[in-house]
Amino acid sequence: MVSFTKLAVLGLASSSVSGLSLIPAIEPLYNEVVSVFGLSATLDQPEVIKVFPNPDNKPVPGDSPIVQCEASEPQILNLQKVVIDPNPPNRGQNLTFTAVGVLSQDVEDGAYVEVDVRYGFIKLVHQTFDLCEEITKVDLECPIKKGPQTIKKTVEIPNEVPPGKYIINARAYTKDDVFITCLSATVDFLPPSLDA
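Definitions and cut-offs
Within every chain, residues take consecutive numbers counted from 1 along the sequence as written. The predicted nature of this model means local features are confined to residues of pLDDT at least 70 and side-chain atom pairs, given and counted, to a pLDDT of 80 or more, with totals for whole chains, interfaces and linings taken over all residues. Each side-chain value is worked out from all heavy atoms of the structure, with water and hydrogens disregarded. UniProt positions are given in the numbering used here, feature names are shortened, and annotations may be inferred rather than shown by experiment. Secondary structure elements follow DSSP: runs of H or I of four or more residues count as helices, runs of E of two or more count as strands, with numbering from the N terminus. Only protein chains enter the area calculation, which uses a 1.4 Å probe; residues under 20% of their type maximum are buried, those over 50% are exposed, and those in between are partly exposed. Between two residues, a contact is recorded if the distance between any of their heavy atoms is within 4.5 Å. Computed with the Shrake-Rupley method and a 1.4 Å probe, the accessible areas treat only the protein chains shown as cover for residues. Only strands joined by at least two bridges in the DSSP assignment are considered to pair. Throughout, disulfides are identified as pairs of cysteine sulfur atoms within 2.5 Å of each other. In this analysis, rings of Phe, Tyr and Trp, with Trp reduced to its six-membered ring, are considered paired at centre separations within 6.5 Å, and the interplanar angle assigns stacked below 30 degrees, edge-to-face beyond 60, and tilted for intermediate values.

If you check an unreviewed UniProt entry, the chain appears there as Phosphatidylglycerol/phosphatidylinositol transfer protein from Suhomyces tanzawaensis NRRL Y-17324. Reading the Subunit (unreviewed entry) entry of the UniProt record for the chain gives the comment "Monomer." Regarding the chain, the relevant UniProt record gives this comment under Sequence similarities (unreviewed entry): "Belongs to the NPC2 family."

Right under this line is the structure:
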């Protein structure tokens, strides 16, 4: 398997990602990730991302790998706690997450969420989802009324998830482009022989 660490270092040293022709090298991994998570996206040209600590990130209480990104920007969701079990998540096991927060205004049909999934420094997916369609998967529906909210859901982590560090960023907006929230999580799946 291609060493993604070496590719990332080469990518940072190079002034042009297209000059490296990374697509053939990452395409098998990309296709596997897309199929495991049921995503629909195309691999045109990978984007190499520089990942550095961000002073605008705010940890979310609950000892989870989730942080509130762009915390200095006004957001209508005040996320008070996120608890995941098991922590950290493991391939082939169910993951239960509970999120508690307060909305300062209603969220109506037309709200959307932009999701980026990165594998280390390489952006694999950028996709926009209808927030009101996705929220039905956690037994809610739009309009979501302002006030206290609690979401609890159990999901299965497929055993086929390729090992490596995944960074997921999600930015949610109302139908009128009011910033709901920005959340980011980093999950590091170990090779099967090193899983606890």
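Once you've had a look at it, read on.
Asks: How would you summarise the overall build of the chain if you had to cite specific residues and measurements?
Replies: When its secondary structure is counted, the chain shows three helices and 10 strands. Going from the N terminus to the C terminus, the chain shows its helices and strands as α-α-β-β-β-β-β-β-β-α-β-β-β. By the burial criterion, 37% of the 196 residues in the chain qualify as buried. Taking contacts inside the chain between residues at least 6 apart in sequence as the whole, the part at least 24 apart equals 59%. Accessible surface, the chain: about 11100 Å² in total, of which carbon and sulfur atoms supply 54%.

Asks: Can you explain the pairing of strand S9 (residues 164–173)? Please cite residues and give values.
Replies: Taken residue by residue, a regular strand's side chains alternate between the two faces of the sheet. In the sheet, strand S6 (residues 112–119) pairs with S9 via eight bridges, with the strands oriented antiparallel. Bridge pairing links Val117 to Ile168 in S9. In the sheet, S9 pairs with strand S10 (residues 179–189) via 10 bridges, with the strands oriented antiparallel. Looking at the pairing, Tyr173 lines up with Phe179 of S10. Following S9, the chain reverses through five residues before pairing antiparallel with S10; Asp177 in that reversal takes a positive phi of roughly 65 degrees.

Asks: Which residues make up the state of the cysteines, and what are the values?
Replies: Within the structure shown, the criterion is met by two disulfides. Disulfide partner of Cys69: Cys182, at an S-S distance of 1.9 Å. Disulfide Cys69-Cys182: torsion about the S-S bond near -90 degrees, hence left-handed. Note that Cys69 is positioned in the loop between strand S3 (66–68) and strand S4 (77–85) and Cys182 in strand S10, a separation of 113 residues in sequence. Residue classification places Cys69 among the buried positions, given a relative accessible area of 5%. Shown here is the disulfide that connects Cys132 with Cys142, its sulfur atoms set 1.9 Å apart. Judged by the sign of its S-S torsion, about -85 degrees, the bond between Cys132 and Cys142 is left-handed. Of this pair, Cys132 sits in helix H3 (residues 131–135) while Cys142 sits in the loop between H3 and strand S8 (147–156), and the two are 10 residues apart along the sequence. Residues Cys132 and Cys142 agree in their burial class; the two are buried.

Asks: Give me the packing of aromatic side chains: which residues, what numbers.
Replies: Under the definition given, this model contains four aromatic pairs. When the centroid spacing of 5.3 Å and the interplanar angle of 25 degrees are considered together, the rings of Tyr112 and Tyr173 count as stacked. In this pair, Tyr112 is assigned in strand S6 and Tyr173 in strand S9, connecting sequence segments 61 residues apart. Each member of the pair, Tyr112 together with Tyr173, is buried. Feature note: the residues Tyr112, Tyr173 and Phe179 constitute an aromatic cluster, connected by ring pairs.

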